[in-house]
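# Geometric and topological summary
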Amino acid sequence: MMTNLILVKVFLLWFGYTRFITASPISFAATPSSVRKVIDPLILNCTFQNTNTQVNTSDHMPAEIVDFYMYISKGDGTLLASVARNLPAEAIHDPDFMLVEGQMNYDNLSYLQITWPSTLFDKPIDNSYFCSVHVLIRSGYELTFQTNVTVSFLTPSYEDLIVYLYRQRRELEHKSRSINDLKKTLSKTSHDLASLKQGVMNCTSRLHQLSLELSSTSAATGTLNQDVAMINQTMYRVIFEANGTATYLHSLQSDVKELKLFHNELTTHVEQGVRVYCGGSNTFVSSGYEREMHLVVPIVFQKPFPKVPVVTFSLRILDVPKDEHLRVFAYTQNINSTGFEMVCGTWDGSFINAMDVDWTATVV
């Protein structure tokens, strides 16, 4: 409030350089205009219409408003309330007995309002009130728009006072009932709060219990996690070993398959030779032994055997002169998977006209 008083004094100092204009966009009203003391409230409302932000100076040239200040005063000059751009509406005189509201609006309507809820004044009443709007324009001019209202203060009659007191009593009774209802509501609310408090305490106790259980569960969970980790390690090891076993089994299956193929090949691969011609003894050559003659016939298998086969043979043809001693021999040598050698021979000068051999090779 002290700040408002200082601002008001500063604005009043400007009045020496200010023109007062009564015909202006300012309006001031008192509601009601005739007030019964004690009974009726009084409202003073001042408005300033600033729609185009232009005013006419003394030379009739329009100028732009850059700032303005509103205040309401008594006829004797006592300031009652004010509002400015940087200060809210505030009571200056007797703030305990009046309600003040207001707002500055540079684009539209600004207002300042004083309300006395009760007009029980303990001082002489001034019937005249003024509303002033101090305007600062950009060119440097300072203008003050001012208007006033007159309020008639009447002494109420006894009947008015009785009616007023009756209404006040009814209002007090209504407020008393409202207070009793509020007390009941407050009592119920207190009871509900007590129940809620007890519920909160129960919840807190339960939460503490759950916290303990959670701690125990956490410890058990830690042990369980260790067990799970061990199980996982064991499972990974088993899986690894199972994978190795599966690989080994796959290898065994491949080996078995190869063995089966090999066995089939062994049991099914048979080759035969019919009438291997050894010729006569006149084609034999000396074997290096005394008086032994022989012929070596090389045999090549049509298909190599997977291993060294067993070769059996038999004489198919043996032709000797009738007067000759029968001396013949035959055997195999250098047997391998691709072939062998058939040896036919005689000794001690026996003569052979012809000798043929049959043979069979197979894997046992």
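So, how was this worked out
- Residues numbered from 1 in each chain as written.
- Predicted model: local features only at pLDDT ≥ 70, side-chain atom pairs only at ≥ 80, totals over all residues.
- Heavy atoms only, no water.
- Pairing = 2+ DSSP bridges.
- Helix = DSSP H or I, 4+ residues; strand = E, 2+ residues; numbered from the N terminus.
- Buried < 20%, exposed > 50% of the residue type's maximum accessible area, 1.4 Å probe, protein only.
- Contact = heavy atoms within 4.5 Å.
- Polar contact = N/O pair within 3.5 Å; in protein donor to acceptor, adjacent residues only side chain to side chain.
- Axes fitted to C-alpha atoms, helices over the stretch in contact; angles between N-to-C directions.
- Salt bridge = Lys/Arg side-chain N within 4 Å of Asp/Glu carboxyl O.

The chain has the name H-type lectin domain-containing protein in an unreviewed UniProt entry, where Biomphalaria glabrata is given as its organism.

## Description of the sheet that holds strand S19 (residues 339-347)
The four strands lie next to each other as S15-S16-S19-S18, forming an open sheet whose pairing is antiparallel. Bordering the open sheet on either side are strand S15 (285-286) and strand S18 (329-333), each of which pairs with just one other strand. When strand S16 (residues 292-300) meets S19, the two strands line up antiparallel, connected through nine bridges. Paired with isoleucine 299 across the bridge in S19 is phenylalanine 340.

## Section: the environment of arginine 291
Counting through the fold element by element, arginine 291 comes out in the loop between S15 and S16. A residue is classified by how much of its surface remains accessible, and arginine 291, at 52% relative accessible area, is exposed. For the pair arginine 291 and threonine 346, spaced 55 residues apart in the sequence, the C-alpha separation amounts to 8.7 Å. Ignoring any residue separated from it by four or fewer positions in sequence, one finds arginine 291 in contact with Thr346, Trp347, Asp348 and Gly349. Only 2.5 Å separates the side chain of arginine 291 from the side chain of aspartate 348, close enough to count as a polar contact.

## Considering the sheet that holds strand S9 (residues 99-103)
Taken in spatial order, the four strands make up an open sheet running S2-S4-S10-S9, and their pairing is antiparallel. The open sheet terminates on both sides in strands that have one partner only, identified here as strand S2 (26-31) and S9. Ignoring strand direction, the axes of neighbouring strands in this sheet form an average angle of 10°. Note that strand S4 (residues 42-49) and strand S10 (residues 109-116) share eight bridges and pair antiparallel. If you follow asparagine 45 over to S10, its bridge partner there is glutamine 113.

## Let's talk about the pattern of salt bridges
A complete count under the given rule lists 10 salt bridges for this structure. Between aspartate 160 and arginine 36 there is a salt bridge whose closest N-O contact spans 3.5 Å. Within this pair, whereas aspartate 160 is found in helix H2 (residues 158-268), its partner arginine 36 is found in strand S3 (residues 34-36), the two being separated by 124 residues in sequence. With a closest N to O distance of 2.5 Å, aspartate 348 and arginine 291 form a salt bridge. Highlighted residues: aspartate 348 in the loop between S19 and strand S20 (354-362) and arginine 291 in the loop between S15 and S16, separated in sequence by 57 residues. If you follow the salt bridges from partner to partner, you end up with Arg36, Asp40 and Asp160 in one network.

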